[in-house]
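Listed below are the residues making up each chain.
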Amino acid sequence: MPARKKQRRHGPATVPETPASRAPVHHLPGAAVAELLASPTRTRPAVVVSFTAGTGSHRINAAALAALLDGEADVFELENGSETRRLQDGLPPGLEIYGSGARAYPAGPDWPEATPEPRLVHRLTNLSRLMEALAADVRTGARRTQSAAPPPPKPAPTTATGTVGGFTGEDNSRALVRLVTTGRQVTIRAEDLLPGVPLDWLLTRGQQVTGFLDAEARTLDIHALLQRPASPVTVYRPGDVALARVKAAYAGHAVVTLWPDADFRIGIARISSNELDAAEDLLTEGEVVRVRVLYENGAVVLSMLDVDDDDPHVPAPSLVAGGPPWLDPDRPYTSIFAPPGAAAAAGTHAGAPGGAGETGDGHARPAAGVGPPGKGPALTASERRTALKSTQMELEAARHTIAELSADATKRGATDKLARMWQDRYDDERRRADHEARLRSDVIRQLESLKAELAKTKTQLVGAKKLRRSASSKSEPEPPDLFGEPVEQFRFDLYTEWARTVPAVDKDREPLGAYSVGPYFLESLAALPAPQRTKALRAVVDLVANREGPLRNRKPHVLRENEGAHAPARMRGEDVCWRLYVEQGTAAALRLHYWKLKSGGFELHEVVPHDAVKP
């Protein structure tokens, strides 16, 4: 006992480690999810939940599914549309998920062959049973993986979510991220995203990001969060003022970029109205300028004419999902104009920590301007550009005045009074031209605004017409039943629909043939809303009356035992099961199942969604 007490006294106290909580649902782009699923080193099963916007609450709750699985699989959620198409593009054929539903993806080298069919949500789907079926798919795949050969020892890539805390490096090429689940600090590297673009142009403090974690290197790869618009059409409307960065400037033109890989050439005629100007004198490589986005003959054209430095602009796009605009006119672009080492020198002269050269957290603050020591702050890019334009305009006006005075003195012996008259006339014409140019620009802007309002009004009008038709259709009361027996009521409704649908000249040639009603047909018909019940009656009329044209459009075909092209037809004795289209081109389109009897005629079996393939 004493020895045991001594060991307890001097032994280190052990604190149980708190297991890291797992993020229940991951939200990544479709391409990133496809890359993770197709990775040969993946060892965990996954479930991808797809939802259609506007479906309301009748869809799979991804968080509830993750709680049901309790860590047995990674759960991803995608919106149906462009993201599910990117997922399909990155997976082998036949493994996609679309619409409202979910699909389980087992792990292991043969996961494509072992992936079960998707679980889709229809109008009458029981969501609780559907989630239990998904959990069963995951556990079946896990048992298959455990019985297979062990995976290679290389660790699988894992996803992690963290919060950006700050930036490091002279050029802000590193971002510090603290993981949400473990509190561990990792790094995002600029070269993994867009080389040459500082990370504080792409991310902001407090932003939450998700990517692939390299635990050994302690880095987080968020390359999948990059988003660059394919065309300026998706960001800017005609006449919008946008921010652009000068990539290069020459005598006759300049090259500017709206975002990386979106470079545009601007001729000097669209930079300055003075034909003697040179773009390299007006613009500086790396500075951020305002440009007007125009669309001429289907092409994007940028112009700097009639654009002032204080004109309101459309914010530049974010290059990382959830990040700040990648260009900001108020951001100090010191490194663009300063020679090598100037930024460091500015920080050295700033003084002690907490002074003018550092922020409160100890990070260096970029200098507001760059200039020789002792001469005060240098002019900003916009101030230099404005001063240069003013000087050149004054110089050009003086040149015109001198030329006119010299010509008048040579030809007519002009006096100072005549010279002043010509100068005043020139000034009047110039002011009139400037005023007309401003009026034209205002008219163009008003025209574009009116076009946008007209398009919006048309859209609202179409929506109002749809709502009115929907309201009128919903307000129509269903006619009361005229017979006590459902079969007799159906025969009456079918005969009424036949009389309404078949023209009088065709009634003798297309009479209602022999048919019978199966035990499930009337129940499936009664569960449909009135519009779909009418569609089903029309399909039965085309079938029983053997209307060649309409029946051929419904594409009747044999219902087979499985999806194989040569699979045998479903039989009931000598009767064959067929099916035809009730609806086309809609989600969960309805189909009519019926038996073609050996003795002649038809037995109506059931009206089902197109995914139901069993009679």
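Residues numbered from 1 in each chain as written. Predicted model: local features only at pLDDT ≥ 70, side-chain atom pairs only at ≥ 80, totals over all residues. Heavy atoms only, no water.

Caption draft 1: Examining the packing of helix H12 (residues 486-501) against helix H14 (residues 530-544) more closely. Where H12 contacts H14, the two axes come as close as 9 Å, and the packing angle between them is 75°. What the angle tells us is that H12 and H14 run roughly perpendicular. Residue-level contacts link Phe490, Asp493, Leu494, Glu497, Trp498 and Thr501 of H12 to Thr534, Leu537, Arg538, Val540 and Val541 of H14. Looking at the contact of H12 with H14 residue by residue, the class counts come to six nonpolar, two polar and three charged. (Axes fitted to C-alpha atoms, helices over the stretch in contact; angles between N-to-C directions. Helix = DSSP H or I, 4+ residues; strand = E, 2+ residues; numbered from the N terminus. Parallel < 35°, antiparallel > 145°, perpendicular 65-115°, else oblique. Contact = heavy atoms within 4.5 Å. Nonpolar A, V, L, I, M, F, W, Y, C, P; charged D, E, K, R; others polar.)

Caption draft 2: Structural context of the pairing of strand E8 (residues 208-214). As paired strands, strand E5 (residues 158-168) and E8 are joined by six bridges and run antiparallel to one another. Opposite Thr158, over in E8, you have Leu213 as the bridge partner. Sheet topology note: the E8/strand E9 (residues 219-221) ladder contains three bridges and is antiparallel. Bridge pairing links Phe212 to Asp221 in E9. (Pairing = 2+ DSSP bridges.)

Caption draft 3: Local environment of the pattern of salt bridges. Considering all chains together, one arrives at 22 salt bridges under this definition. Between Asp137 and Arg119 there is a salt bridge, with its nearest N and O atoms 3.1 Å apart. Of this pair, Asp137 sits in helix H6 (residues 127-147) while Arg119 sits in strand E4 (residues 119-120), and the two are 18 residues apart along the sequence. On the basis of relative accessibility, which here comes to 14%, the residue Asp137 falls in the buried class. Exposure remark for Arg119: the relative accessible area of 30% places this residue in the partly exposed category. Salt-bridge contacts for Arg572 lead to Asp575; the nearest nitrogen and oxygen are separated by 3.4 Å. A relative accessible area of 15% places Asp575 in the buried class. (Salt bridge = Lys/Arg side-chain N within 4 Å of Asp/Glu carboxyl O. Buried < 20%, exposed > 50% of the residue type's maximum accessible area, 1.4 Å probe, protein only.)

Caption draft 4: Highlighting the sheet that holds strand E12 (residues 262-267). Taking strand neighbours across the sheet as the criterion, the five strands line up as E12-E11-E10-E13-E14 in an open arrangement whose pairing is antiparallel. Since the sheet does not close on itself, it has two edges, and those belong to E12 and strand E14 (299-303), each with one partner. Averaged over all pairs of adjacent strands, the angle between their axes in this sheet comes to 50°, without regard to strand direction.

Caption draft 5: Representation of the sheet that holds strand E1 (residues 46-51) within the structure. An order of E2-E1-E3-E4 is seen for the four strands of this open sheet, with the pairing classed as mixed. Single-partner strands in this sheet number two, and they are strand E2 (74-79) and E4. Two strands pair when backbone bridges link them, and strand E3 (residues 101-105) and E4 are joined in this way by two bridges, in the antiparallel orientation. Counted as the bridge partner of Ala102 is Arg119 from E4. Sitting on the sheet, helix H2 (residues 30-37) is in contact with E1, E2 and E3, with an inclination near 150° to E2.

Caption draft 6: Main features of unusual backbone geometry. Of note, the phi angle at Asp70 is positive, near 55°, even though the residue is not glycine. Residue position: Asp70 is located in the loop between helix H3 (62-69) and E2. Exposure remark for Asp70: the relative accessible area of 65% places this residue in the exposed category. Unlike most non-glycine residues, Asp261 shows phi in positive territory, near 75°. If you trace the backbone, Asp261 turns up in the loop between strand E11 (253-259) and E12. Since its relative accessible area comes to 70%, Asp261 is described here as exposed.

Caption draft 7: Quick look at H3. Among the residues of H3, those classed as buried are Ala62, Leu65, Ala66 and Leu69. Along the axis of H3, the buried positions cluster into a sector of 100°, meaning they face one direction only. At the N-terminal end of H3, a side-chain oxygen is found 3.1 Å from the backbone nitrogen of Ala63, two or three residues along, and the residue is Asn61. (Arc of directions from axis to C-beta. Polar contact = N/O pair within 3.5 Å; in protein donor to acceptor, adjacent residues only side chain to side chain.)

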